[in-house]
Amino acid sequence: MIGLISATAAGAAARDRLAAAWPDRTRVYDGPVGDAVRTAFAQCEQLVCFLATGAVVRLVAPLLEGKTSDPGVVCVDEAGRYAVSLLGGHAGGANDLAREVGEVLGAEPVVTTATDAAGLPGLDTLGFPVEGDVAGVTRALLDGEPVALRAEVSWPLPPLPVAGQGAHVIRVTDRLAEGAEREVLLRPPSLVVGVGASRGAPAEEVLELVEGALRDAGLSAASVAELATVDAKAEEPGLLAAAERLGVPLVTYPAEELARVEVPNPSDAPLAAVGTPSVAEAAALLRGGELLVPKRKSAMATCAVVRRPGRGRLAVVGLGPGARDLLTPRATAELRRASVLVGLDQYVDQIRDLLRPGTRVLESGLGAEEERARTAVEEARRGHAVALIGSGDAGVYAMASPALAEASDDIDVVGVPGVTAALAAGAILGAPLGHDHVSISLSDLHTPWEVIERRVRAAAEADLVVTFYNPRSRGRDWQLPKALAILAGHREPATPVGVVRNASRPDESSRVTTLAALDPATVDMMTVVTVGNTATRTIAGRMVTPRGYRWQEEPK
């Protein structure tokens, strides 16, 4: 819960705007400010104080206990100009909260944490439990000192400026170990503990069994991702309590699925009780991995431990038509998350400044689309977090298709939508896509012209608004005239046609003409051509296609 505190009418107005935007996340604390801050500090995970930073410093100073337990605190000034991350930037989530508050209120987030200022992810913000000399290793990264990465477990990480050797070390491990001097241990969620239990098995017994199995195998409980069992035990109090105390979910599977898993130690007892010859080993192994601890038993419980391999992650990211403000926040987040970026060289240049230090960039020129797709998938299969970029929307005449044709279910794939060229051009032209429409690429490099022509004829006969991608190049100068002639056989010469070049870029240009007047020689590969249907009109210089099948009345 986020506590909201204000002292003045102006602060209360901004507070109420935030409360209205986040009704399920916030709680307003009224009354004397000092009392409100103290109460909210004790009850909430985060605070937004619409007060001067100095006042908040004096109010929270006596309440501070430690960075791992204090709530994150953000201050917003009376004018709503700034959202300042004051306390708990990383551990308390105040840095991200300041950015969120800024988006809602139109305030500028102020984040002074050293790693954020340098564009580095904080070691305590990677989503993994972290142990050891976090401050010392972070300082080494900030100072540009060589920091070695030792990954005993392959797991996708965000970009880090690491080296092969260094006096400071980031160690990715699920082994039971204490960090050495100048060392940070990152605990990936690589371990799955399968558990079975008789009815009424106490949580203490389950925990003792699990923790003993981990300890004897030299494994860290901090890397346990989940407890797994059979559906029939989904409501078993001892298992639920054990999972809660370990801080992980209890995941359950149908008995028939578990019965199909080959295990080293099947038994008749669980087969008779719940319908599968194995619960603990089968539940741990169901999604694959290496069995580190075979079935162990106590009086009323069983457990087994599996290490699952880290799955690589491929984000296929659409960059939009070119303007930075048309790049979505989700796309920006994926670019900053990726440790490997794959893309066309000119698109990489477009977003290079958004990448974190340590991002490995694999760029190539035009014509290497399939090679880039294969490279991105291969890097993800090696366990990396990869971003494969394309212009517009990556799923529209871009990189998603070749990438997903290469990818199998051994990696995680995320699609990040972008503003397409057709949408960007349509917004510039007016509202040409107000009714049914189709996009057709006139490039016959990958599609035979006979197929393209058949699609153009179908669109013409169906009276669809048509947006032409890749309309004309120096080596392909006859396809656009041919396509326009096909449309002219079904539409009047005065049908509006919009031509937009470099939509949203600094040298953007656009015009609205007609089907009869358009000169194909004025069009190139950087241009999008949109041809209206029989209902499209030009109104005040803008193309407009009605939402209905006909105009309710003719415009005056």
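Further up the page is the structure itself.
None of these values were measured; they are calculated from a predicted model. Every chain's residues receive numbers from 1 upward, in the order its sequence appears when written. For a predicted model such as this one, the threshold for reporting local features is a pLDDT of at least 70, and the threshold for listing and counting side-chain atom pairs is 80 or more; totals across whole chains, interfaces and linings nevertheless cover every residue. The basis for every side-chain value is the complete set of heavy atoms in the structure, and neither hydrogens nor water enter the calculation.

On to the overall build of the chain, then. Only DSSP runs of H or I covering at least 4 residues are called helices, and only runs of E covering at least 2 are called strands; the numbering of each starts at the N terminus. Per the secondary structure count, the chain includes 18 helices and 28 strands. Oriented by its inertia axes, the alpha-carbon framework of the chain measures out at about 85 × 65 × 50 Å. At a minimum sequence separation of 6, the contacts of the chain that also span at least 24 residues come to 64%. In this description, accessible areas are obtained by the Shrake-Rupley approach with a 1.4 Å probe, and a residue is regarded as covered only by the protein chains that are shown. As displayed, the chain has an accessible area near 26,000 Å², and 50% of this comes from carbon and sulfur atoms. When charges are tallied, Lys and Arg are placed among the positive residues and Asp and Glu among the negative ones, while His and the ends of the chain are skipped. Where a charge sits is defined by one atom per residue type, namely NZ (Lys), CZ (Arg), CG (Asp) or CD (Glu). Between the averaged position of the 55 positive side-chain charges in the chain and that of its 70 negative side-chain charges there is a distance of 3 Å. Should any heavy atoms of two residues lie within 4.5 Å, those residues are counted as being in contact.

This brings us to the packing of aromatic side chains. Two aromatic rings, drawn from Phe, Tyr or Trp (for Trp, its six-membered ring), form a pair once their centres lie within 6.5 Å of each other, and the interplanar angle then sorts them: stacked below 30 degrees, edge-to-face above 60, tilted otherwise. Counted by the stated rule, this structure contains two aromatic pairs. Summarising the aromatic geometry, the rings of Tyr397 and Tyr469 are spaced 4.7 Å apart at their centres and angled 55° between planes, so their arrangement reads as tilted. Of this pair, Tyr397 sits in the loop between β19 (385-390) and α15 (400-406) while Tyr469 sits in strand β23 (residues 465-469), placing them 72 residues apart in sequence. For every residue, the accessible area obtained with a 1.4 Å probe (protein chains only) is divided by the maximum for its type, and the residue is called buried under 20%, exposed over 50%, and partly exposed between those limits. The exposure class of Tyr397 is partly exposed, given its relative accessible area of 43%. Relative accessible area serves as the criterion here: at 10%, Tyr469 is assigned to the buried category. Note on Trp449 and Trp478: the rings are 5.1 Å apart at their centroids and 70° apart in plane angle, and the pair reads as edge-to-face. Within this pair, whereas Trp449 is found in helix α17 (residues 449-461), its partner Trp478 is found in the loop between β23 and α18 (479-488), the two being separated by 29 residues in sequence. Above the ring of Trp22, the side-chain terminus of Arg25 is found at 4.3 Å from the ring centroid. A ring has a charge above it when a Lys NZ or an Arg CZ is no more than 6 Å from the ring centre and no more than 35 degrees off the ring normal.

This part takes up empty space enclosed by the protein. Definitions used for this entry: grid spacing 1 Å over protein atoms alone; cavity, a set of points where a 1.4 Å probe fits but cannot get out; pocket, an open set with protein on both sides within 12 Å along at least 5 of 7 lines; lining residue, one with an atom within 4 Å of a point. Grid points are joined across faces, edges and corners, and a volume is the space filled by probe spheres set on the points. Tallied over the entire structure, the rule returns one cavity of 30 Å³ or more. Estimates place the volume of the largest cavity at around 40 Å³. What lines the largest cavity is Arg313, Ala315, Glu334, Arg337, Ala338, Ala385, Val386 and Ala387. Per-element tally for the lining of the largest cavity: the top contributor is β19, with three residues. Amino acids are sorted into nonpolar (Ala, Val, Leu, Ile, Met, Phe, Trp, Tyr, Cys and Pro), charged (Asp, Glu, Lys and Arg) and polar (every other residue, Gly among them). Residues of the lining of the largest cavity, tallied by class, amount to five nonpolar, no polar and three charged.

The working definition used for a salt bridge is a side-chain nitrogen of Lys or Arg within 4 Å of a carboxyl oxygen of Asp or Glu. Counted under the stated rule, the structure contains 27 salt bridges. Residue Arg324 pairs with Asp353 through a salt bridge whose shortest N-O separation is 2.9 Å. Of this pair, Arg324 sits in the loop between β16 (313-318) and α12 (329-337) while Asp353 sits in the loop between α13 (345-351) and β18 (360-364), and the two are 29 residues apart along the sequence. Accessibility expressed as a relative area gives 55% for Asp353, which makes it exposed. Between Asp410 and Arg381 there is a salt bridge; the shortest N-O distance is 3.2 Å. With a gap of 29 residues between them, Asp410 in the loop between α15 and β20 (412-416) and Arg381 in helix α14 (residues 369-381) connect regions that are remote in the sequence.

With that settled, consider the side chain of Ser278. Relative to the assigned elements, Ser278 resides in the loop between α10 (268-274) and α11 (280-285). Here Ala282 takes part through its backbone nitrogen, which lies 3.1 Å from a polar atom of the side chain of Ser278. The residues contacting Ser278, other than those within four sequence positions of it, are Leu258, Val263 and Pro270. Two N or O atoms count as a polar contact when they lie within 3.5 Å, although within protein this holds only if one can serve as hydrogen donor and the other as acceptor, and sequence-adjacent residues are included solely when both atoms are side-chain atoms.

Helix span, as expected, comes to 1.5 Å for every residue beyond the first. The end-to-end C-alpha distance of helix α4 (residues 94-105), which contains twelve residues, comes to 16 Å, matching closely the 16 Å that a straight helix rising 1.5 Å per residue would cover. Looking at α4, one finds that the buried residues are Ala94, Asn95, Leu97, Ala98, Val101, Gly102 and Leu105. Burial along α4 is one-sided: seen end-on, the buried residues are contained in an arc of 160°. Positive phi appears at Gly106, one or two residues downstream of α4, with a value of about 75°. Each C-beta atom gives one direction from the helix axis, and the arc is the one those directions make.

As a rule of thumb, nonpolar side chains are buried together in soluble globular proteins. Judged by nonpolar contacts, the single largest core of 24 residues is most densely connected at Val193, Val195, Val210, Leu214, Leu227, Cys303 and Val305. The set of elements that each furnish at least two residues to this core consists of β11 (191-197), α7 (203-216), β12 (224-230), α8 (237-246) and β15 (301-307). Sort the elements by how many residues they give to this core and α7 lands first, with six residues. Leave out the neighbours within four places in its chain, and Val193 touches Val210, Leu214, Val224, Glu226, Leu227, Ala228, Cys303, Ala304 and Val305. The next biggest cluster of nonpolar side chains, apart from the first, holds 21 residues, and it includes Phe468, Leu484, Val523 and Val529. Think of a nonpolar core as a cluster: buried Ala, Val, Leu, Ile, Met, Phe, Trp, Tyr and Cys residues, connected wherever their side-chain atoms sit within 4.5 Å.

Read across the sheet, five strands follow the order β22-β23-β26-β24-β25 without closing on themselves; strand pairing throughout is mixed. Bordering the open sheet on either side are β22 (437-441) and β25 (509-514), each of which pairs with just one other strand. Going across the sheet, the axis of each strand differs from the next one's by a mean of 20°, ignoring polarity. A pair of strands is treated as paired once DSSP finds two or more bridges between them. Taken together, the three bridges between β23 and strand β26 (residues 527-531) define a ladder with antiparallel strand orientation. Bridged to Phe468 within β26 is Val529. Whenever a helix is involved, its axis is fitted only over the stretch in contact; in every case the axis is a line through C-alpha atoms, and angles between N-to-C directions fall within 0 to 180 degrees. Its contacts with the sheet put helix α16 (residues 421-429) on β22, β23, β24 (496-501), β25 and β26, and the angle it makes with β24 is roughly 115°.

Let us look at the pairing of strand β5 (residues 82-87). As judged from the four bridges shared by strand β4 (residues 72-76) and β5, these two strands associate in the antiparallel manner. Across the sheet, the residue bridging to Cys75 is Val84, located in β5. The turn joining β4 and β5, which pair antiparallel and follow one another in sequence, is formed by five residues; a positive phi near 70° is taken by Gly80. Note on handedness: a crossover is taken as right-handed if, strands pointing away from the viewer, the path from the first strand over the helix to the second is clockwise. Handedness of the crossover joining β5 and strand β6 (residues 108-110) through α4 is recorded here as right-handed.

Take the pairing of strand β10 (residues 183-186) next. Covered by surrounding structure in β10 are Glu183 and Leu185 together with Val184 and Leu186, the residues of both alternating faces. When strand β7 (residues 130-132) meets β10, the two strands line up antiparallel, connected through three bridges. Within β10, the position partnered with Val130 by the bridge is Leu186. Judged from the four bridges that link them, strand β9 (residues 168-172) and β10 form a sheet pairing that is parallel. Bridge pairing in β10 links Arg171 to Leu185.

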